[in-house]
Amino acid sequence: MGWKILTMSLVLVMALSFTACGEELPSAQEIVDGATQALDDIRAYEFEMDMTMDMAGEAEGETFEMTMGIVSSGALDLDNRQMRMNSAMNVALPGEDEMEMAIEAYLIDNMGYALIDVPGTDPTWEKEEVSEADWEEVIEVLSLARPQVELLESAEVEVIGSERVGGIDCYVLRVTPDMAQLWETVMQQATLGFGGELGWPELTEELLDEAFYSFSVKQWIAKDTYFLTKVEIDMAIELTAEAMGVEEGEVSIDSAMTMLAYNYNQPVSIELPPEAEEAIEY
């Protein structure tokens, strides 16, 4: 009896596996079109993002090394014009103390609140009235799905299977975008718009023509809604002396980013901390 049960179980497992492997997946273009059209259906969501970057190299006889990590989370409610965002960044340099910076921000009732904690300053809650232009800028920075879907529209896209992410059935895509556009998207999203102020390098097409690079991009798109659910991006870049415009040297950059987006169009909790209610205007 035991052998019969075991045999039947194995047959059932094989049958289920065959069914899963035999799933008929839509074409890449169908998924890209669905994800593009779904952008206008997004009214609210929450997100988490994690990025690491290692830089090392030598230029004009000087060596340097840096390790950076960024962790962010937040929520955006378009209908109620509300937002919350937390971001923490740490930078480690050999022989120096680790530098940490944190940003906590809210937008409620057309008023923006921010607490920025950087070395050498006394963190203080500040507030400022948010104009229509400011609100549009917030949407541009925190609309994380749109830049990722825009990558799909101009990239080579391959459907490589299906997986569940956070209980959501998703199509899995392998994406091969333009490298300059990919770098710009990653820097914009990982730093939540503060990349320019932090001095991140701009990788132009001309610079990349002289560099060696590789990357891997995967996206998970929900089967029922076509909402972007997960992104994984790995990049490796080697900048030669010619690319940097110096006589000798090279720089290597290795980065990895993971982003999750969830609770689409669900009520989100955005409450101002009590201490922020005493914020000073700036």
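A word on the overall build of the chain
Logical step 1: Along the chain, the regular secondary structure elements total eight helices and twelve strands.
Logical step 2: Expressed as a percentage of its 282 residues, the buried residues of the chain come to 43%.
Logical step 3: The long-range share in the chain, meaning contacts at least 24 apart out of those at least 6 apart in sequence, stands at 62%.
Logical step 4: Carbon and sulfur atoms provide 49% of the accessible area of the chain, an area that totals close to 15,900 Å².

Some remarks on unusual backbone geometry
Logical step 1: Although it is not a glycine, Asn 110 adopts a positive phi angle of roughly 60 degrees.
Logical step 2: Tracing the sequence through the fold places Asn 110 in the loop between β4 (99-108) and β5 (111-117).
Logical step 3: Although it is not a glycine, Asn 265 adopts a positive phi angle of roughly 55 degrees.
Logical step 4: Mapped onto the fold, Asn 265 is located in the loop between β11 (249-262) and β12 (280-281).
Logical step 5: Its relative accessible area of 35% is what places Asn 265 among the partly exposed residues.

Overview of the side chain of Lys 127
Logical step 1: Summarising the element assignment, Lys 127 is placed in strand β6 (residues 126-129).
Logical step 2: For the buried Lys 127, no salt bridge is present, and the opposite-charge side chain at shortest range is Glu 281, 4.7 Å distant.
Logical step 3: Residues within four places of Lys 127 in sequence aside, it is in contact with Met 111, Gly 112, Tyr 113, Ala 279, Ile 280, Glu 281 and Tyr 282.

Thoughts on the pattern of salt bridges
Logical step 1: According to the stated counting rule, one finds seven salt bridges in the structure shown.
Logical step 2: Note that Arg 84 is salt-bridged to Glu 46, the shortest N-O span being 2.8 Å. You can see Arg 84 sitting in strand β3 (residues 82-92) and its partner Glu 46 sitting in strand β1 (residues 44-59), a full 38 residues away along the chain. The residues Arg 84 and Glu 46 share a single accessibility class, namely buried.

Topic: the confidence of the model for the chain
Logical step 1: Looking at the chain as a whole, its pLDDT mean stands at 84, while 85% of the residues score no less than 70.
Logical step 2: The low-confidence segment residues 1-21 (pLDDT under 50) makes zero contacts with residues lying over four places distant or belonging to another chain.

Focus: the packing of helix α2 (residues 28-38) against helix α4 (residues 145-153)
Helix-helix packing: each pair is described by the crossing angle between the helix axes and the interaxial distance.
Logical step 1: Interhelical geometry of α2 versus α4 gives an angle of 150 degrees and a closest axis separation of 10 Å. Between α2 and α4, the angle falls in the class roughly antiparallel. Pair α2 / α4 crosses with left-handed handedness. In this structure, α2 contributes Val 32, Ala 35 and Thr 36 to the contact, and α4 contributes Val 149, Leu 152 and Glu 153.

Notes on the packing of aromatic side chains
Logical step 1: If you walk through the whole model with that rule in mind, you get five aromatic pairs.
Logical step 2: With centroids separated by 5.8 Å and ring planes inclined at 40 degrees, the aromatic side chains of Tyr 45 and Tyr 264 adopt a geometry described as tilted. Here Tyr 45 is found in strand β1, whereas its partner Tyr 264 is found in the loop between β11 and β12, with 219 residues between them in sequence.
Logical step 3: On the basis of relative accessible area, Tyr 264 is assigned to the buried category, the value being 13%.
Logical step 4: Note on Tyr 106 and Trp 125: the rings are 6.1 Å apart at their centroids and 40 degrees apart in plane angle, and the pair reads as tilted.

Focus on the pairing of β11
Logical step 1: By the bridge criterion, 14 bridges tie β1 to β11 in an arrangement that is antiparallel. Considered in β11, the bridge of Glu 58 is made with Glu 250.
Logical step 2: Taken together, the ten bridges between strand β10 (residues 228-239) and β11 define a ladder with antiparallel strand orientation. Pairing of Glu 238 across the sheet is with Ser 252, part of β11.

Some words on helix α3 (residues 132-142)
Logical step 1: Of the residues making up α3, those classed as buried are Trp 135, Val 138, Ile 139, Val 141 and Leu 142. The buried residues of α3 occupy an angular sector of 165 degrees when projected down its axis, which confines them to one face. Opposite the buried face of α3, by more than 90 degrees, sit the exposed residues Ala 133, Glu 137 and Glu 140.
Logical step 2: Tucked inside the fold, the buried residues of α3 contact β1, β2 (62-77), β3, β4 and α5 (179-190).

Looking at the sheet that holds strand β7 (residues 156-165)
Logical step 1: The strand order across the open sheet built from twelve strands is β7-β8-β9-β10-β11-β1-β2-β3-β4-β5-β6-β12, with neighbouring strands paired in mixed fashion. Taken across any chain shown, the strands that pair with only one partner, and hence form the sheet edges, are β7 and β12.
Logical step 2: Pairing geometry for strand β9 (residues 212-222) and β10, over ten bridges, is antiparallel. Counted as the bridge partner of Ser 214 is Ala 236 from β10.
Logical step 3: Together, β7, β8 (168-176) and β9 form the strand contacts of α2, whose direction differs from that of β7 by roughly 70 degrees.
Logical step 4: In the packing of α4 onto the sheet, the strands contacted are β7, β8, β9, β10 and β11, and the crossing angle to β10 comes to about 65 degrees.

What counts and how
Residues numbered from 1 in each chain as written. Predicted model: local features only at pLDDT ≥ 70, side-chain atom pairs only at ≥ 80, totals over all residues. Heavy atoms only, no water. Helix = DSSP H or I, 4+ residues; strand = E, 2+ residues; numbered from the N terminus. Buried < 20%, exposed > 50% of the residue type's maximum accessible area, 1.4 Å probe, protein only. Contact = heavy atoms within 4.5 Å. Areas by Shrake-Rupley, 256 points an atom, 1.4 Å probe, with all protein chains shown as cover. Lys, Arg positive; Asp, Glu negative; His and termini not counted. Salt bridge = Lys/Arg side-chain N within 4 Å of Asp/Glu carboxyl O. pLDDT = per-residue confidence, 0-100. Axes fitted to C-alpha atoms, helices over the stretch in contact; angles between N-to-C directions. Parallel < 35°, antiparallel > 145°, perpendicular 65-115°, else oblique. Left-handed = near helix turned anticlockwise from the far one by under 90°. Phe/Tyr/Trp six-rings, centres within 6.5 Å; stacked < 30°, edge-to-face > 60°. Pairing = 2+ DSSP bridges. Arc of directions from axis to C-beta.

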